[in-house]
Number of protein chains: 2
Amino acid sequence: MSNFWIRTISGAAYFAVLLAALLINEFVFGAIAAIFTGVLAFEFCRLSDGASLKAGSVVSIVASVCLFALVYACEVFGMQAKYVSAVFFLMPVMLLTCLAKPSAIGMKTVAHELACLIYIALPMSLSTTLVFRGGEFDGSLLLSFFIMICCSDVGAYCIGTAFGQKKGSRKLCPEVSPLKSWAGFWGGLGFCIAAGVILGFTQLMNIPVIHSVALSIIIHLGGTLGDLFESRWKRDAGVKDSGRIIPGHGGLLDRLDSSLIAIPAASAYLILFNLW
Amino acid sequence: MSNFWIRTISGAAYFAVLLAALLINEFVFGAIAAIFTGVLAFEFCRLSDGASLKAGSVVSIVASVCLFALVYACEVFGMQAKYVSAVFFLMPVMLLTCLAKPSAIGMKTVAHELACLIYIALPMSLSTTLVFRGGEFDGSLLLSFFIMICCSDVGAYCIGTAFGQKKGSRKLCPEVSPLKSWAGFWGGLGFCIAAGVILGFTQLMNIPVIHSVALSIIIHLGGTLGDLFESRWKRDAGVKDSGRIIPGHGGLLDRLDSSLIAIPAASAYLILFNLW
């Protein structure tokens, strides 16, 4: 099978899984998001551990999925106030790992495990709050965010390819990602704002236009930052893709790197302005 | 001045600062806890950076204090639902640091910075919830926790010295802390439960005896774990004390290592059983 078809089919499958998670019901969402959390944590830990996963990383992956499950359960059973306890119960468990085999697990690994909790598990867990509106499951807002991130990517790619790759065109962060240009950055922003404004008028998002624009800007900035941030982990680990779970596309972390920062940042805005 | 007097005076001063934070009003608490957060983050970052603090660590210390200030402000103004936004707004800021100087800041440092947020800033920030009861400032519960941790320490020291240092006595975790014995562990547990039960009957804690005992066990376990955990960071960094801010006693992180795990764990229990 040619690479084109592999990419197309696996890309479509990934898209179908995302839609299923957001449109069917809370249990499908919970199951898929829990699996995503585990895969993301696995790929993130692999960036530090290399080919063979360390014992501490296994605990960190399990802890990430548990954190998601606990926060999800709090949300499903309407116990939002219990979030804090979920985070707190996991801390001691995490820490125990580094006492189990002190000579085998270095503190650099432990730091990476704790970073996994705040970089992967916390955003994934708290994204749960976005799919419940007044106790009812409603994935439309999170879907809008994914669409906006997608438009931001497409815009950056198109405008960046057309105007950003000439000799002398200014690059966004050449040390981290040599191809990303400022032209692409502005193109992505334009596409993202257009998507945000259109979605703001639909039933999907239904948010006043001023807030739609603000959200678009936050999502574009957060997404770009998340993308560059993940590139740095990969560059440091000396790998090109975070994994191989989506054939032809790389790992799940490569797909969701923008979302891991963009969606929490957008949620913060929504909470702050009582829009959710 | 002899070492004994230096230790006594600085110990008393530290104790006075703790009491001031917990007994005067919410502003004294906020100011002292914010400074503590900064000092703890500073000492934690120094464990990774060594003598000269890296640029990324400065951001991580500032971010830790900001996180505390944001959560504190949410609590003072009765906006508990905004916690999440506080955490989320800080993430992108943190990440920006590692893009500012990609070649200078390694990802090991970034992992350590993120670990600082979850190990130092999050527990310190959320301890704020413990000093407000129904919107009013009330440091008595947190004071009880400190007393219980103190009793656990004293019990472990006394019983451990008396029974745990004989030839052949079993050690708790010899690879991390060669002197800590199981005798000391059980002694600390006994003292902690006694303190918990007594405090449970007073106005300070006022909690049913069954929950007092459970809280004591959690605090003792969390405290021991926190102590060992901090020892590992220090051992890995090759230092004996985390700092020198309390003359004769070492750093603030050495003083609060137990509390950083014990108090969040106890809070989780309180929240879970609706005792707070």
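Bear in mind that the values here come from a model prediction, so they are computed numbers and not experimental data. (Residues numbered from 1 in each chain as written. Chains lettered and ligands numbered in written order. Predicted model: local features only at pLDDT ≥ 70, side-chain atom pairs only at ≥ 80, totals over all residues. Heavy atoms only, no water.)

**Student:** Could you clarify how one ought to interpret the overall build of chain A in this entry?
**Tutor:** On a plain count of helices and strands, chain A comes out with nine helices and four strands. Relative to a compact globule of 276 residues, whose C-alpha radius of gyration would be 19 Å, chain A shows 19 Å and is just as compact. Taking the principal axes of the C-alpha coordinates as reference, chain A spans close to 55 × 45 × 40 Å. The buried share of chain A, reckoned over its 276 residues, is 55%. Summarising the internal contacts of chain A: among those between residues at least 6 apart in sequence, 68% fall at separations of at least 24. Accessible surface computed for chain A: about 11700 Å², of which carbon and sulfur atoms make up 69%. (Helix = DSSP H or I, 4+ residues; strand = E, 2+ residues; numbered from the N terminus. Rg over C-alpha atoms; globule rule 2.2 N^0.38 Å. Buried < 20%, exposed > 50% of the residue type's maximum accessible area, 1.4 Å probe, protein only. Contact = heavy atoms within 4.5 Å. Areas by Shrake-Rupley, 256 points an atom, 1.4 Å probe, with all protein chains shown as cover.)

**Student:** Sorry, what's going on with the side chain of Thr128 of chain A here?
**Tutor:** Residue and element names in this part refer to chain A. Its location among the elements puts Thr128 in the loop between helix 5 (107-127) and strand 1 (132-133). A polar contact is formed between the side chain of Thr128 and the backbone oxygen of Ser125, at a distance of 2.5 Å. Beyond its immediate chain neighbours, meaning those up to four positions away, Thr128 contacts Phe29, Phe68, Tyr72 and Glu75. (Polar contact = N/O pair within 3.5 Å; in protein donor to acceptor, adjacent residues only side chain to side chain.)

**Student:** What is the right way to read the packing of helix 2 (residues 26-49) of chain A against helix 3 (residues 55-76) of chain A from this model?
**Tutor:** If you want to describe how two helices pack, look at the angle between their axes and the distance between the axes. All names here are of chain A. The geometry of helix 2 relative to helix 3 is characterised by a closest axis approach of 9 Å and an angle of 155 degrees between their N-to-C directions. The angle between helix 2 and helix 3 falls in the class roughly antiparallel. Once helix 2 is placed against helix 3, the crossing between them reads as right-handed. Between helix 2 and helix 3, the residues in contact are Glu26, Phe27, Phe29, Gly30, Ala33, Ala34, Thr37, Gly38, Ala41, Phe42, Cys45 and Asp49 and Ser57, Ser60, Ile61, Ser64, Val65, Phe68 and Tyr72, respectively. A per-class count over the contact of helix 2 with helix 3 returns eleven nonpolar, six polar and two charged. (Axes fitted to C-alpha atoms, helices over the stretch in contact; angles between N-to-C directions. Parallel < 35°, antiparallel > 145°, perpendicular 65-115°, else oblique. Left-handed = near helix turned anticlockwise from the far one by under 90°. Nonpolar A, V, L, I, M, F, W, Y, C, P; charged D, E, K, R; others polar.)

**Student:** Whenever I open this one, the confidence of the model for chain A confuses me. Can you help?
**Tutor:** Any region with low pLDDT has predicted coordinates that should not be read closely. Residue and element names in this part refer to chain A. Taken as a whole, chain A shows an average pLDDT of 85; of its residues, 91% reach a score of 70 or greater. For chain A, helix 4 (residues 83-100) is the element with the lowest average pLDDT, namely 64, and helix 7 (residues 182-201) is the one with the highest, namely 93. Here the predicted complex carries an ipTM of 0.83, next to a pTM of 0.87. (pLDDT = per-residue confidence, 0-100.)

**Student:** Would you explain the environment of Thr37 of chain A in this entry?
**Tutor:** Residues and elements named next belong to chain A. Its place among the elements puts Thr37 in helix 2. The spacing of Thr37 and Thr128 is 91 residues in sequence and 12 Å in space, taken between C-alpha atoms. Apart from the residues lying within four places of it in its own chain, the contact partners of Thr37 are Ser64, Val65, Phe68, Ile120 and Met124.

**Student:** Can you walk me through helix 3 (residues 55-76) of chain B in this structure?
**Tutor:** For an α-helix, 3.6 residues make a turn, and residues three or four places apart therefore share a direction. Residue and element names in this part refer to chain B. Relative to the 32 Å expected for 22 residues at 1.5 Å per residue, helix 3 spans 32 Å between its end C-alpha atoms, a close match to the ideal helical length. Taken residue by residue, helix 3 has Gly56, Ser57, Ser60, Ile61, Ala63, Ser64, Leu67, Phe68, Val71, Tyr72, Cys74 and Glu75 as its buried positions. Buried residues of helix 3 fall within an arc of 165 degrees about the axis and therefore sit on the same side. Note on helix 3: the residue one or two positions beyond its end, Gly78, has a positive phi of about 65 degrees. (Expected span 1.5 Å × (residues − 1). Arc of directions from axis to C-beta.)

**Student:** Is there a simple way to explain the nonpolar core in this structure?
**Tutor:** Soluble, globular proteins show a tendency: their nonpolar side chains are buried together. In terms of nonpolar packing, the biggest core is built from 139 residues, with Phe145 of chain A together with Phe145 of chain B touching the most fellow members. Dropping the residues within four chain positions of it, Phe145 of chain A is found in contact with Leu130, Met205, Leu215, Ile219, Ile263, Ala266 and Leu270 of chain A. (Core = buried A, V, L, I, M, F, W, Y, C linked by side-chain atoms within 4.5 Å.)

**Student:** What's the story with the state of the cysteines in this structure? I'm lost.
**Tutor:** In total, this model carries zero disulfides over all chains according to the counting rule given. In this model Cys158 of chain A remains outside any disulfide bridge; the closest cysteine sulfur is found in Cys151 of chain A, 10 Å from its own. The thiol of Cys74 of chain B is unpaired, and the distance to the nearest cysteine sulfur, on Cys66 of chain B, comes to 13 Å. Relative accessible area serves as the criterion here: at 7%, Cys74 of chain B is assigned to the buried category. (Disulfide = S-S within 2.5 Å.)

**Student:** Would you take a moment to explain the pattern of salt bridges for this structure?
**Tutor:** Two side chains bearing opposite charge may form a pair once their charged atoms approach each other closely. Residue and element names in this part refer to chain A. Overall, the coordinates contain ten salt bridges over all chains when judged by the stated rule. With a shortest N-O distance of 3.8 Å, Arg133 and Asp138 are connected by a salt bridge. Under the relative-accessibility criterion, Asp138 is labelled partly exposed at 25%. Here Lys234 makes a salt bridge to Asp254, at a shortest N to O gap of 2.9 Å. Pair noted here: Lys234 is in helix 8 (residues 209-237) and Asp254 is in helix 9 (residues 252-272), with a separation of 20 residues, a long-range link. Look at Lys234 and you get buried, because its relative accessible area is 12%. (Salt bridge = Lys/Arg side-chain N within 4 Å of Asp/Glu carboxyl O.)

**Student:** Just to check I follow, could you spell out the packing of aromatic side chains for this structure?
**Tutor:** The geometry of an aromatic ring pair is captured by two quantities: the separation of the ring centres and the angle between the planes. All names here are of chain B. Overall, the coordinates contain 29 aromatic pairs over all chains when judged by the stated rule. An angle of 70 degrees between the planes, with centres 5.1 Å apart, marks the rings of Trp182 and Phe185 as edge-to-face. One end of the pair is Trp182 and the other is Phe185, both in helix 7 (residues 182-201) and three residues apart, which spans about a single turn. On the basis of relative accessible area, Trp182 is assigned to the partly exposed category, the value being 29%. Within the aromatic cluster, the residues linked to one another by ring pairs are Phe29, Phe68, Tyr72, Phe132 and Phe137. (Phe/Tyr/Trp six-rings, centres within 6.5 Å; stacked < 30°, edge-to-face > 60°.)

**Student:** Mind showing me how you'd approach helix 2 of chain A here?
**Tutor:** Residues and elements named next belong to chain A. Taking 1.5 Å as the rise per residue, helix 2 with 24 residues should run 34 Å; its terminal C-alpha atoms sit 34 Å apart, in good agreement. Judged by how many residues are buried, helix 2 sits mostly within the fold: 17 of 24 residues are covered. Of the residues flanking the start of helix 2, the one acting as N-cap is Asn25, its side-chain oxygen 2.9 Å from the backbone nitrogen of Phe27. After helix 2 finishes, the residue Gly50 shows a positive phi value of roughly 80 degrees.

**Student:** Can you help me understand the environment of Asp236 of chain B in this one?
**Tutor:** All names here are of chain B. Mapped onto the secondary structure, Asp236 falls in helix 8 (residues 209-237). Residue Asp236 is classed as partly exposed on the basis of its relative accessible area of 44%. For Asp236 and Ala111, which are 125 residues apart along the polypeptide, the C-alpha to C-alpha distance reads 15 Å.

**Student:** Explain the pairing of strand 4 (residues 177-181) of chain B to me, please; I cannot follow it from the model alone.
**Tutor:** Successive side chains on a regular strand alternate, one facing one side of the sheet and the next facing the other. All names here are of chain B. Note that strand 3 (residues 171-173) and strand 4 share two bridges and pair antiparallel. When the sheet's bridge partners are listed, Cys173 is paired in strand 4 with Ser177. The turn linking strand 3 back onto strand 4 is made up of three residues. (Pairing = 2+ DSSP bridges.)

**Student:** Quick question: what am I supposed to make of a nonpolar patch on the surface here?
**Tutor:** Residues and elements named next belong to chain A. A contiguous nonpolar patch, built from Phe4, Trp5 and Ile9 and spanning about 360 Å² of accessible area, is present on the exposed surface. Among the secondary structure elements, Ile9 is positioned in helix 1 (residues 3-23). Ile9 gets classed as partly exposed once you look at its relative accessible area, which sits at 47%. (Patch = residues over 30% accessible without salt bridge, like charges linked within 9 Å, V, L, I, M, F, W, Y side chains within 5 Å.)

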